[in-house]
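Coordinates in review
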Amino acid sequence: MEKCNVQKADGKLGVLVVGLGAVSTTFMTGVLMARKGLAKPVGSMTQYDKIRVGRGAEKKYLKYDQIVPIASLDDIVFGAWDVYPANAYEAAMNAEVLKEKDIDPVKDELVKIVPMKAAFDKNYAKRLEGDNVKVAKDRWDMTEQIREDIRNFKKENGVSRVVVLWAASTEVYVPVNEAVHYKLADLEAAMKADDKENIAPSMCYAYAALAEGAPFIMGAPNTTVDIPAMWEMAEKTKMPIAGKDFKTGQTLVKSGFAPIIGTRMLGLSGWFSTNILGNRDGLVLDEPANFRTKEVSKLSTLESILVPEEQPDLYTDYYHKVRINYYPPRNDNKEGWDNIDIFGWMGYPMQIKINFLCRDSILAAPLCLDLVLLSDLAARAGRWGTQRFLSFYLKSPQHDYTQNEVPVNHLFQQYVMLKNAIREMGGYEADEEID
Ligand SMILES: NC(=O)c1ccc[n+]([C@@H]2O[C@H](COP(=O)([O-])OP(=O)(O)OC[C@H]3O[C@@H](n4cnc5c(N)ncnc54)[C@H](O)[C@@H]3O)[C@@H](O)[C@H]2O)c1
């Protein structure tokens, strides 16, 4: 790491997770098990991937932590907020993602992760009934209380840095409102005026995190930090933000598969994606207003990979549909079906079917780890604002839509962006390209 001048990862790293549900307890349990040597963090780029640095005789393949100072799993201290009072052990057992034998060895540590009272508004997730909720005068007061939680957590656990990760339920769709969401001063005024319609609880968490000098990551499709006012806040506080929506199952497949069609100049007439899932996430998404948030996020993937304006013969008017169906018997074991109608030489039609029997939280957990570690790294490297290099992990990557910036959804372009950012922070030439 001789070329790298990123600040060292000294001291403990607090990882405060909003939501103590299936994803976050699978993430926490896996990290605690991995550091006891009882499980492997499979799927995590920061723990496994190797990146080429240098060229010719200088060429080497190094792991991320040999290029940049990434916090060690041993230095992570977890905390959480949730609407339900169950501790991380109980929540992990309730989620039924992991077997008891994979949870029990770290039971003592999980029991100690007791959720702080949530900043919550039932209008944003009607199907949740928990009462572990803050009483707040207005949205500003809600934010102040979260800030106090972060400060207390830091003090009580002796951590030197904190990252806040949203792995809570998807909130109802909040359309971007220029009068409130474009300028930080307007956003703050709306929080003080208790504008419940435009200020989602997630925005209070994000504002509080940034104000306390913590990066904020949005793992759900909520528009929370995807608004110019939050970009301004991130710039003011010099903190990284990333979002939105973990790219785990069907959309991962889509962003990896669509390039096959696009690079071979095959045509697309339709892509129908449907899936069944039965966890609490599925229950919340069964509410149309919450599903709308997810739908917007899931639909955005194809448009920037198979672009009608660039190849009108191939990609004009393709029909793209995404469906999520709540089906309790499957719990966290989601099943996704993709039917892809393509056409080839002289317009002759063909079909591709993909059937992915996945496990939602098993796919999301390594993303949580990487997003947390890489946001902490970015903060120490002095990178603030939207972290485009983290698009690799996200279904609907943040981009500056006020400047008509097009997000990168192509999985392999995103991978290059990720590797180049690591190279750059490590003091190497960021010299790889797929365009
Ligand atoms: N697992 C995946 O593959 C995947 C992929 C993309 C996005 N996501 C998103 O990740 C999030 C978490 O998924 P999950 O399966 O763990 O869901 P989950 O329902 O098991 O857990 C979410 C938890 O968040 C809590 N919560 C809701 N609002 C809160 C608030 N304001 N403050 C604090 N806690 C709150 C709920 O009580 C619940 O315990 C969801 O938004 C989901 O859409 C998951």
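Structure's up top.
The structure presented is a predicted model; accordingly, all values stated were derived computationally and were not measured.

So, the site of the ligand
Around the ligand there are 36 residues in total, and Gly 19, Gly 21, Val 23, Ala 220 and Arg 280 lie nearest to it. For the shell around the ligand, the secondary structure elements donating two or more residues are α1 (22-35), β4 (76-82), α12 (280-285) and α15 (360-380). Looking at the shell around the ligand residue by residue, the classes come out as 20 nonpolar, 11 polar and five charged. Mapped onto the domain boundaries, the shell around the ligand takes at least three residues apiece from domain 1 (12-246 + 361-425) and domain 2 (250-357).

Observations concerning the sheet that holds strand β12 (residues 349-357)
Sheet architecture is open: four strands sit in the order β10-β9-β11-β12, paired in mixed fashion. Here the strands that pair on one side only, and so sit at the sheet edges, are β10 (319-326) and β12. Sheet twist, expressed as the average angle between the axes of neighbouring strands with direction ignored, equals 10°. Looking at chain direction, strand β9 (residues 267-277) and β10 are connected through eight bridges and run parallel. Bridged to Trp 271 within β10 is His 320. Relative to the sheet, helix α11 (residues 250-263) contacts β9, β11 (335-343) and β12, its axis offset from that of β11 by approximately 15°.

Side note on the nonpolar core
Counting residues in each nonpolar core, the largest one holds 115 residues, and the members touching the most others are Val 164, Leu 165, Tyr 205, Cys 368 and Leu 371. No other element matches α15, which puts 13 residues into this core. Beyond its immediate chain neighbours, meaning those up to four positions away, Leu 165 contacts Val 15, Val 17, Ile 217, Gly 219, Cys 368, Leu 371 and Val 372. Counting nine residues, the second-largest nonpolar core is a separate cluster that includes Leu 268, Leu 302, Tyr 315 and Ile 342.

Concerning the packing of α1 against helix α4 (residues 88-95)
Two elements in contact, α1 and α4, have axes whose closest approach is 9 Å; the angle formed by their N-to-C orientations is 115°. Crossing of α1 over α4 shows left-handed handedness. Counted together, Ala 22, Thr 25, Met 28 and Thr 29 of α1 and Ala 88, Ala 91, Ala 92 and Ala 95 of α4 form the full contact between these two elements. Here the contact of α1 with α4 is composed, by residue class, of six nonpolar, two polar and no charged.

Points about unusual backbone geometry
The general pattern is negative phi for most residues beyond glycine and trans for most peptide bonds. Note that the residue after Gly 243, namely Lys 244, is joined by a cis bond; omega there is 0°. Note on placement: Lys 244 falls in the loop between β8 (240-243) and α11. Phi is positive for Met 265, close to 55°, though the residue is something other than glycine. With respect to the helices, strands and loops of the structure, Met 265 is situated in the loop between α11 and β9. Phi is positive for Asn 404, close to 60°, though the residue is something other than glycine. You can see Asn 404 is positioned in the loop between β13 (385-386) and α16 (411-425). Judged by local crowding, Asn 404 falls into the exposed class, with 7 C-beta atoms found within 10 Å.

Cut-offs applied
- Residues numbered from 1 in each chain as written.
- Predicted model: local features only at pLDDT ≥ 70, side-chain atom pairs only at ≥ 80, totals over all residues.
- Near = placed C-beta within 6 Å.
- Helix = DSSP H or I, 4+ residues; strand = E, 2+ residues; numbered from the N terminus.
- Nonpolar A, V, L, I, M, F, W, Y, C, P; charged D, E, K, R; others polar.
- Domains from an automatic or database assignment.
- Pairing = 2+ DSSP bridges.
- Axes fitted to C-alpha atoms, helices over the stretch in contact; angles between N-to-C directions.
- Contact = placed C-beta atoms within 7 Å.
- Core = buried A, V, L, I, M, F, W, Y, C linked by C-beta atoms within 7 Å.
- Buried ≥ 20, exposed ≤ 12 C-beta atoms within 10 Å, placed from the backbone.
- Left-handed = near helix turned anticlockwise from the far one by under 90°.

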